[in-house]
Structures are given as C-alpha cells and as structure tokens.
Protein chains: 2
Amino acid sequence: MQSSVSYADIATAHERIKPYINRTPVFTSGFFSVQTSAEVFFKCENMQRVGAFKIRGAVNAVFSLNEDELKNGVLTHSSGNHAQALALAAKMRGTKAYIVMPDNAPQVKVDAVRSYGGEVIFCEPTLEARETNAQRVQDETGAVFIHPYDHPRIIAGQGTAFKELFEETGTLDYIFAPIGGGGLMSGTSIAAKHLCPGIRVIGCEPQGADDAYRSFQSGELIPSINPQTSADGLLTSMSELTFSILRKNVDEIITVGEKEIITAMRLFWERMKLVIEPSAAVSIAVMLNMKEKLKGKKVGVIICGGNVDLERALLLMTANK
Amino acid sequence: MQSSVSYADIATAHERIKPYINRTPVFTSGFFSVQTSAEVFFKCENMQRVGAFKIRGAVNAVFSLNEDELKNGVLTHSSGNHAQALALAAKMRGTKAYIVMPDNAPQVKVDAVRSYGGEVIFCEPTLEARETNAQRVQDETGAVFIHPYDHPRIIAGQGTAFKELFEETGTLDYIFAPIGGGGLMSGTSIAAKHLCPGIRVIGCEPQGADDAYRSFQSGELIPSINPQTSADGLLTSMSELTFSILRKNVDEIITVGEKEIITAMRLFWERMKLVIEPSAAVSIAVMLNMKEKLKGKKVGVIICGGNVDLERALLLMTANK
C-alpha cells in the first residue's frame, strides 16, 4: 500500500464515498462572527452518519478493497467512533466486521456496533491487549485490519470533509481541526493546502492530551502517556505517518484547557442549538482564544462529532461555572 | 385591523420578513423515518434567530407599521420567546420596545431582551398584573401593543415557516405542530390547507396543558387553569381568534404525557444532534405515538424552538429514566 496521501487520493475518495455518507451542512453564526470579527463557517460532521467524520475514512477504506480482499471481512480495535463507522461501512459493503473493544467500553457503544452487524470481541482495556487480540482475530479469520488513522485510505477519506466545506465557502484564510491520532487533521491539511494554498492550518489539542504540541516542539514523535481530558476522541497518539503529514502541513498547534473546552461546548449548544462532543469544542475554544488574529478573515472549523452521553455532557457544562 | 388571516397575508408576510429572518434548514432523518415508516421532514425553527419561530410574527407585525405608528415604539407582555423576538424586531426597525415581564422571569431572558435594546418593566407574576402594567405603559408612552398570538399579523408571520417547508418538500400528507396560544398552529394550518389541500393537520399538546384539546371536545373556548408541563412554551391559552382558525383547519388534536415528551426530546438530541426545547418535543412525541397511520406518508413537523436552560434539561432528562 502507498505510504503517503495526495489531494488526488482525497478527490478519488470523495467520489467513492459520496453515495454512502451525508453531505453535512455548513453553518454560519452571527454570534461567533461577532465574537471573532471574522466570517466563520462550521462544517458539521456531528450530523454525519454515526455522528462523526469517521464514516468517511471507514467507507473509503472498505470500498477500496476488492471482493477477494473482503471475503474474510474487516477488523479493527477501537472503543470509539471508528468502531461504529467500520461496522456500518462493512454492512453497507456486504462484508463482516470484527471489532476488538475493551471490556469496559460503554454498553451504548457496544450496542451501536452490534446494531450495524459488527461482531464484538472483548479484551482487557490496554493498548497491548487490543493489539494482541486484533492480531489473534486476524490470524484466525483472515480479516483485513483497518487502523483508525494510521492508514492512507482512512486519511484520504477524512480529507473529504474539508473538500466539501471548500465547495461551499471558496478560499478560506484559516482552518481549525482537532488532533487525536491525526487522521482527520492529516486529511484536512492536505486538502486545505491544495485547495487554499495561502491558508493557515491550526491544529487544536487539549492541554491534557498535547502529544502533537510536544512532538512539534521537540521535532520527534512523543506519544501521550496517561492523557487526561474530557475530549475523549483526542486521547490517542499520532503515528509516524500522521506526524509526518502534520509536520509538513500544519502551521501551528494550539492547546486549550478543560474549562475553555467546556465553555466553548456550552456556547455552541446554546447559540447554534447543535449537540457537539467535547473533542469538537476544542477547535472552537482555540478559535475563540486567537480571535485577535482572525479579524476580517474567512475561517473554517471542522466540527468532528456529536457523540456524547447527554448526562455526562450536561454535567460537564453545568459544573463548569 | 382585519380580524382574519388568509394565505395571501402569509405570502405577503414572507416577502416582508425574508431579509430579517433565517431560512431555517429542513432535515430528514433515517432514524425517524425507520421509526415511523414515513418520510419525515423537520422544519428547524430552533435554528431561527432568537432560537424560535417567534421572530417571524414579531418582524411581520413591527414592519407592517408605518413611521408614524412606530414613533412611540412597540409594547408587549411576555416572559418567553415573544419578548426577545419583539425586542429584536423593534431594534431592526429602529424603534423602541417596552417589554412587561414578571419579576420572577429568569435573568437570562431579561438579559436577552436588554441585549436587543428592549426596556424591561417588571410586574407581579400574574396575568392581571401583566395586563394592567402593559395598559399603563401604553397610556404613558403611546407605544403600539403587539400581542404574542392574538394578532392577525403575528399569525400571518408564523405561517411562513410552513410555506418555507412546503417550498422544499412539496405536498405533504401530515403536518404536526404544537398548540400554546395557537399563533403558530393558526398560521401553519392556514398555509397547510392552502398549499396542500389534502393534508391532515395535527395539533399537539401536553396532557398537562390541554386547553385546545378540551376546547375542541366541548366546542367552546376553555382556558387553561394552572397548567403543568415541562413544555413551558405551551402554557398559554388560545384566544377567540386562534380558536376560530383552529376549529376550521385542524383535523385532530392529540395530547401526550410528560414522560413521552422528554423521551422524544432526548431521542431528538441524540439522533439529530439538535438542541430542542420540550415544547418542540411535544410534536415529535405525538408523531411517534400515531406512527401506524403514517406508513408510506410524507410528514412535516414544525420544530418550534430550542431555548432551554441546559441545567433544566439535565434535570428533566435524568429524572425521566
């Protein structure tokens, strides 16, 4: 498999996945435009199928495989949105999905994977146990392993959200997106630099899971150790592949604290009437923090997802006074 | 002033208010379509300016007045969305708004009215005190009183939401909207019966504020006495004007209990990633209750608003387990 990703891969991915995904809405907001003195466009992947951008990469990866490659199904380890996305992509393609999940995964996530016909294999909640079990299932079944982000076709799929955003807004001056494993930001930054050569690409991270920030500072890939943040989609560390793409394309990485994340989340729920997860609020918090630089600019924000337990979200917001 | 409302009034209102309101999105949903075996379209007035449909009527009423009529400003009594809507409409028209509010109104609503430049006059939290104070302010200032729903231009404005919905969906078989004072349902039902003559118009009410249901049963206008529901936008009683319009156009009024309302609200937040207020969930709950009749039909639902205090939403949802 190729080891890098080009804009052509993103354009190809977009044609491939279009029939299977939502073209999510792009919303503007008087409130956020006044706050930043900028023209702000939110690409709302919280309204995507499975509630997050992850379906883009999963569909691209699964539908890139031929009948023979798919005959034994696909496989991943994930407790998050990639698990549901891969299960749904496999269902749409008519193949089987094996999902290795930690045995402490929330029941609602297990149910979601099963509702798409995915087979759940439980393991201990450590990265080692996940990888060992995924390897074992792969050996037993011959299923194709599809990593959540360390995978060119996943990255190309995630880049299609920016392409759609650009098709509605034209050239942007800034784009904000969060960095977890770096798949979304890799695809976003490749599309952004190709379509808007003068754009500034801002990577957004929680202070409690700032592996990308520290990796950029040191010039070496530094994985997260025991990251702590409400933005549970951003706990993972980058891979060599995503780090190398980000080093090339990302202009700046900015971190924000938990209080800022939850304040931004609440503002978005209240003002936009949209449910977003804490990971999505990280980009909004970063944007609000650097508003002095945005005056008069055209700004895009990738809202990565809206999968949050409502009690948990409401507790986070109401405790954040 | 005329005492009835025609579709022509709604069309005129639409041209008048278009520059000042959002054309709100219409969303479909795989989940709700599967639940009902119908094609369901949600007209999302929670994403309207001030977070509710009320700005439509307020702008229509205020912008219908000439310079001379507006020279002393406009006036209403309301603790709800109409208060904010009238204050914003007056600001956009360059005139003054006096808003009589009960002295126990939430600070956030008082602040919202003031943020639009509205002058708040506090009174005791009774209908009598509100009316007395409104009369006094009118006598003192000469401002034009604009009732929240007992007003042909308000009703015509509220009917524009259905017109926009129809422009995107074409002919519908069913339309669901809530009934509080009856302004939204009056406008909706006039537009619906004109644009889709075969449509069934379903009025939706909480069991704890079922004055329209009881009025329909008895054939006489029966006001609510001490209504109790989480759907705080539906506590008001109809007027003779709205009752007469509803008797002509509404095919059926269906009530739902509190548990059904909050369950529907939660489903909508989780599945659509949209924040809606309990009053908006009433229509969804009614639709889900009568799904047997909806199989294969094209169904519209007016989502009336999204103004809910998040602390209160948390309490409602966690108490509803």
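Quick caveat, the model's predicted, so the values are computed rather than measured. (Residues numbered from 1 in each chain as written. Chains lettered and ligands numbered in written order. Predicted model: local features only at pLDDT ≥ 70, side-chain atom pairs only at ≥ 80, totals over all residues. Heavy atoms only, no water.)

*Asks:* Describe the pairing of strand β5 (residues 119-123) of chain B, naming the residues involved and giving the relevant values.
*Replies:* Bridging between strand β4 (residues 97-102) of chain B and β5 of chain B involves five bridges; their strand directions are parallel. Directly across from valine 100 of chain B, in β5 of chain B, lies its bridge partner isoleucine 121 of chain B. (Pairing = 2+ DSSP bridges. Helix = DSSP H or I, 4+ residues; strand = E, 2+ residues; numbered from the N terminus.)

*Asks:* Before we move on, can you summarise the relation of the copies chain B and chain A with the specific residues and values?
*Replies:* For these two chains of identical sequence, chain B goes onto chain A by a turn of 180° and a shift of 0.1 Å along the axis, with RMSD 0.2 Å. On this basis, the relationship between the two copies can be described by a two-fold rotation axis. Taking C-alpha positions as reference, the residue of chain B nearest the rotation axis is leucine 274 of chain B, located at 2.3 Å. Mapped onto chain A, 95% of the interface residues of chain B are again interface residues, and the two copies thus contact each other with one and the same surface. (Least-squares fit on C-alpha atoms with pLDDT ≥ 70 in both. Contact = heavy atoms within 4.5 Å.)

*Asks:* Describe in detail the pairing of strand β8 (residues 200-206) of chain B, supporting the description with residues and values.
*Replies:* Residue and element names in this part refer to chain B. Extensive coverage of β8 is indicated by the burial of six of its seven residues. Two elements, strand β7 (residues 174-178) and β8, share five bridges in a ladder whose sense is parallel. Along β8, the bridge assignment pairs isoleucine 175 with valine 201. Of the pairings in the sheet, the one linking β8 to strand β9 (residues 252-256) comprises five bridges and is parallel in character. Each bridged residue has a counterpart across the sheet, and for cysteine 204 the counterpart in β9 is isoleucine 254. (Buried < 20%, exposed > 50% of the residue type's maximum accessible area, 1.4 Å probe, protein only.)

*Asks:* Requested: an account of the environment of isoleucine 154 of chain B, with residues and values cited.
*Replies:* All names here are of chain B. The topology assignment puts isoleucine 154 in helix α8 (residues 152-158). For isoleucine 154, a relative accessible area of 0% corresponds to the buried category. When neighbours within four sequence positions are excluded, isoleucine 154 is seen to be in contact with Gly57, Ala58, Ala61, His82, Ile146, His147, Pro148 and Tyr149.

*Asks:* Tell me about the sheet that holds β7 of chain B, and name the residues and values.
*Replies:* With mixed pairing, six strands are arranged side by side in an open sheet as β1-β2-β10-β7-β8-β9 (chain B). The two strands at the open ends of the sheet, each matched to only one other strand, are β1 (26-27) and β9 of chain B.

*Asks:* Before we move on, could you go through the sheet that holds strand β9 (residues 252-256) of chain A and cite the residues and values that matter?
*Replies:* Two pairing modes exist for strands in a sheet, parallel and antiparallel, and in both the strands are linked by backbone hydrogen bonds. Residue and element names in this part refer to chain A. With respect to topology, six strands assemble into an open sheet ordered β1-β2-β10-β7-β8-β9, the strand pairing being mixed. In this open sheet, the two edge strands, each paired with only one partner strand, are β1 (26-27) and β9. Pairing between β1 and strand β2 (residues 39-44): two bridges, direction antiparallel. The residue bridging phenylalanine 27 from the neighbouring strand is phenylalanine 42, located in β2. The sheet contacts of helix α14 (residues 278-289) involve β2, β7 (174-178), β8 (200-206), β9 and β10 (298-303), and relative to β10 the element is tilted by about 160°. (Axes fitted to C-alpha atoms, helices over the stretch in contact; angles between N-to-C directions.)

*Asks:* Quick rundown of the nonpolar core? Include the residues and the values.
*Replies:* Core analysis: the largest hydrophobic core is formed by 155 residues, its most contacted members being Phe42, Phe176 and Trp269 of chain A together with Phe42, Phe176 and Trp269 of chain B. Among all residues touching phenylalanine 176 of chain A, those that are not within four sequence positions of it are Ile202, Cys204, Ser283, Val286, Met287, Met290, Leu294, Val299, Gly300, Val301 and Ile302 of chain A. (Core = buried A, V, L, I, M, F, W, Y, C linked by side-chain atoms within 4.5 Å.)

*Asks:* Hey, could you go over the interface of chain B and chain A for me, with residue numbers and the actual values?
*Replies:* Contacts between the two partners involve 21 residues from chain B, matched on the other side by 21 residues from chain A. Carbon and sulfur atoms make up 69% of the surface buried where chain B meets chain A, a total of about 1,800 Å² over both sides. Considering only the side of chain B, the residues that lose the most area to chain A are Lys273, Leu310 and Leu314 of chain B, jointly responsible for 39% of the buried surface there. Here chain B is connected to chain A by two salt bridges. Between glutamate 311 of chain B and arginine 266 of chain A there is a salt bridge, with the nearest N and O atoms lying 2.9 Å from each other. If you look at where chain B meets chain A, you find eight residue pairs in polar contact (both at pLDDT 80 or more). Mapped onto the side of chain B that touches chain A, the elements with two or more residues apiece are α13 (258-272) and α15 (310-319) of chain B. (Buried area = accessible area lost by both parts, 1.4 Å probe. Salt bridge = Lys/Arg side-chain N within 4 Å of Asp/Glu carboxyl O. Polar contact = N/O pair within 3.5 Å; in protein donor to acceptor, adjacent residues only side chain to side chain.)

*Asks:* Tell me what's going on with helix α14 (residues 278-289) of chain B, and back it up with residues and numbers.
*Replies:* Residues and elements named next belong to chain B. For α14, spanning 12 residues, the distance from its first C-alpha to its last is 16 Å, which sits close to the expected 16 Å at 1.5 Å a residue. By the criterion of burial, α14 is predominantly enclosed, with 11 of the 12 residues buried. Within α14, the full set of buried residues consists of Pro278, Ser279, Ala280, Ala281, Val282, Ser283, Ile284, Ala285, Val286, Met287 and Leu288. (Expected span 1.5 Å × (residues − 1).)

*Asks:* Lay out the packing of aromatic side chains with the relevant residues and their values.
*Replies:* Enumeration over the complete set of coordinates arrives at 16 aromatic pairs over all chains. Look at phenylalanine 27 of chain A and phenylalanine 27 of chain B: their rings are 6.4 Å apart centre to centre, the planes differ by 85°, and that puts the pair in the edge-to-face class. One end of the pair, phenylalanine 27 of chain A, is in strand β1; the other, phenylalanine 27 of chain B, is in strand β1, on a second chain. Both residues of the pair, phenylalanine 27 of chain A and phenylalanine 27 of chain B, belong to the buried class. Taking the ring centre of phenylalanine 63 of chain A as reference, the NZ or CZ of arginine 93 of chain A above it sits at 5.7 Å. (Phe/Tyr/Trp six-rings, centres within 6.5 Å; stacked < 30°, edge-to-face > 60°. Lys NZ or Arg CZ within 6 Å of the ring centre and 35° of its normal.)

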